[in-house]
Amino acid sequence: MKIISETKIKARYAETDQMGVVHHGNYPQYLEVSRIDWLEKLGVSYKKLEANGVMLPIFTMDFKFKKSAYFDDELNVRTMLRKIPTARIIFDYEIYNQEGELLTTATTTLVFVDAVTRKPIVCPKDLLDRIENYN
């Protein structure tokens, strides 16, 4: 079961170094934008998750940089759910440029946490239902 979302992000000048290469420190933001887009396409609001007392801090983040992204590139970030979440949710990512070249792969693991107790909890039932019933 792969739920895949594609998010377009334009590489901005402020995200690049003097050579016009996107600095590696910007990639976590690209993943965050695409992860929130993935949730929205599933019909889940990250803001509502937090309002309901569920937080999703990053537990691990791993990148493999294959080619550089440059200023003004139109990046296509593919976000894929690896497996049905439990107390953790794992996403795999592929970032392509406008020519379709694979630039970067990444993986993030986030943990569902109760906003009050700050302790891990299981994935909310509404999110699980949406994942399991996704067409």
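Our structure is the block above this text.
What counts, and where the lines are drawn
- Residue positions are given per chain, counted from 1 along the sequence in the order it is written.
- Given that this is a predicted model, residues contribute local features only at a pLDDT of at least 70 and side-chain atom pairs are listed and counted only at 80 or more, while totals for whole chains, interfaces and linings are drawn from all residues.
- Each side-chain value is derived from all of the structure's non-hydrogen atoms; neither hydrogens nor water enter the calculation.
- What counts as a helix is a DSSP run of H or I of at least four residues, what counts as a strand is a run of E of at least two, and both are numbered from the N terminus.
- Here the globule rule reads 2.2 Å times residues to the power 0.38, and the radius of gyration is calculated from C-alpha atoms.
- When checking whether two residues touch, look at their non-hydrogen atoms; a contact exists if any pair is within 4.5 Å.
- What sets the accessible areas is the Shrake-Rupley method with a 1.4 Å probe; for residues, cover comes only from the shown protein chains.
- Note: two strands are recorded as paired if DSSP finds a minimum of 2 bridges between them.
- Between N-to-C directions, angles span 0 to 180 degrees; the directions come from axes that are lines fitted to C-alpha atoms, helices contributing only their stretch in contact.
- For every residue, the accessible area obtained with a 1.4 Å probe (protein chains only) is divided by the maximum for its type, and the residue is called buried under 20%, exposed over 50%, and partly exposed between those limits.
- Polar contact criterion, stated in full: a pair of N or O atoms within 3.5 Å, where within protein one must be able to donate a hydrogen and the other to accept it, and residues adjacent in sequence count only if both atoms are side-chain atoms.
- Joining through side-chain atoms within 4.5 Å is the link that ties buried Ala, Val, Leu, Ile, Met, Phe, Trp, Tyr and Cys residues into a set, and such a set is a nonpolar core.

Participant: How should I be thinking about the overall build of the protein chain in this particular structure?
Facilitator: From N to C terminus, the protein chain includes 3 helices and 7 strands. For the protein chain, the succession of helices and strands along the chain, N to C, is β-α-α-β-β-β-β-β-β-α. Expected size for 135 residues packed as a compact globule is a radius of gyration near 14 Å; at 16 Å, the protein chain falls within 12% of this value. Taken along the three principal axes of its C-alpha coordinates, the protein chain extends 45 × 35 × 20 Å. Counted over contacts in the protein chain with a minimum sequence separation of 6, partners at least 24 positions apart contribute 66%. By element, 52% of the accessible surface of the protein chain is carried by carbon and sulfur atoms, the whole surface being about 7,900 Å².

Participant: Whenever I open this one, the sheet that holds strand E4 (residues 74–81) confuses me. Can you help?
Facilitator: Two modes of strand pairing occur in sheets, parallel and antiparallel, and in both the strands are linked by backbone hydrogen bonds. Strands sit in the order E1-E4-E5-E6-E3 across an open sheet of 5 strands; the sheet is antiparallel. What marks the edges here is a single partner per strand, and that holds for strand E1 (4–10) and strand E3 (58–65). Mean inter-strand twist for the sheet, computed between neighbouring axes without regard to direction, equals 20°. Of the strand pairs in this sheet, E3 and strand E6 (residues 102–111) are connected by 7 bridges, and their pairing is antiparallel. Pairing of Ile 58 across the sheet is with Leu 110, part of E6. Contacts between helix H1 (residues 27–41) and the sheet are confined to E1, E3, E4, strand E5 (88–96) and E6, with E1 contributing the most and set at about 135° to the helix.

Participant: Help me understand the pairing of E6, please; the structure alone is not making it clear to me.
Facilitator: Consecutive residues of a regular strand have side chains that alternate between opposite faces of the sheet. Of all the 10 residues making up E6, 9 are buried; the element is thus mostly covered by neighbouring parts of the structure. Here 9 bridges tie E5 to E6, and the two strands are oriented antiparallel to one another. Looking across to E6, one finds that Tyr 96 is bridged to Leu 102. Count of turn residues in the E5/E6 antiparallel hairpin: 5 residues, of which Gly 100 carries a positive phi of about 85°.

Participant: For this particular structure, what's the right way to read the side chain of Ser 5?
Facilitator: Mapped onto the elements of the fold, Ser 5 is located in strand E1. Here the side chain of Ser 5 touches Asp 37 through a polar contact of 3.5 Å, side chain to side chain. Here Lys 41 takes part through its side chain, which lies 3.3 Å from a polar atom of the side chain of Ser 5. Setting aside residues no more than four positions away along its own chain, Ser 5 makes contact with Asp 37, Trp 38, Lys 41, Val 77, Arg 78 and Thr 79.

Participant: So what exactly am I meant to see when it comes to the nonpolar core here?
Facilitator: Burial of nonpolar side chains together is a common tendency in soluble globular proteins. Counting 30 residues, the largest nonpolar core has Trp 38 and Leu 127 as the members making the most contacts within it. Breaking this core down by element, the ones donating at least two residues are H1, E4, E5, E6 and helix H3 (125–132). A per-element tally of this core places H1 first, with 5 residues. Apart from residues no more than four positions distant in its own chain, Trp 38 is found in contact with Ile 3, Ile 4, Ser 5, Thr 79, Leu 81, Phe 91 and Ile 131.

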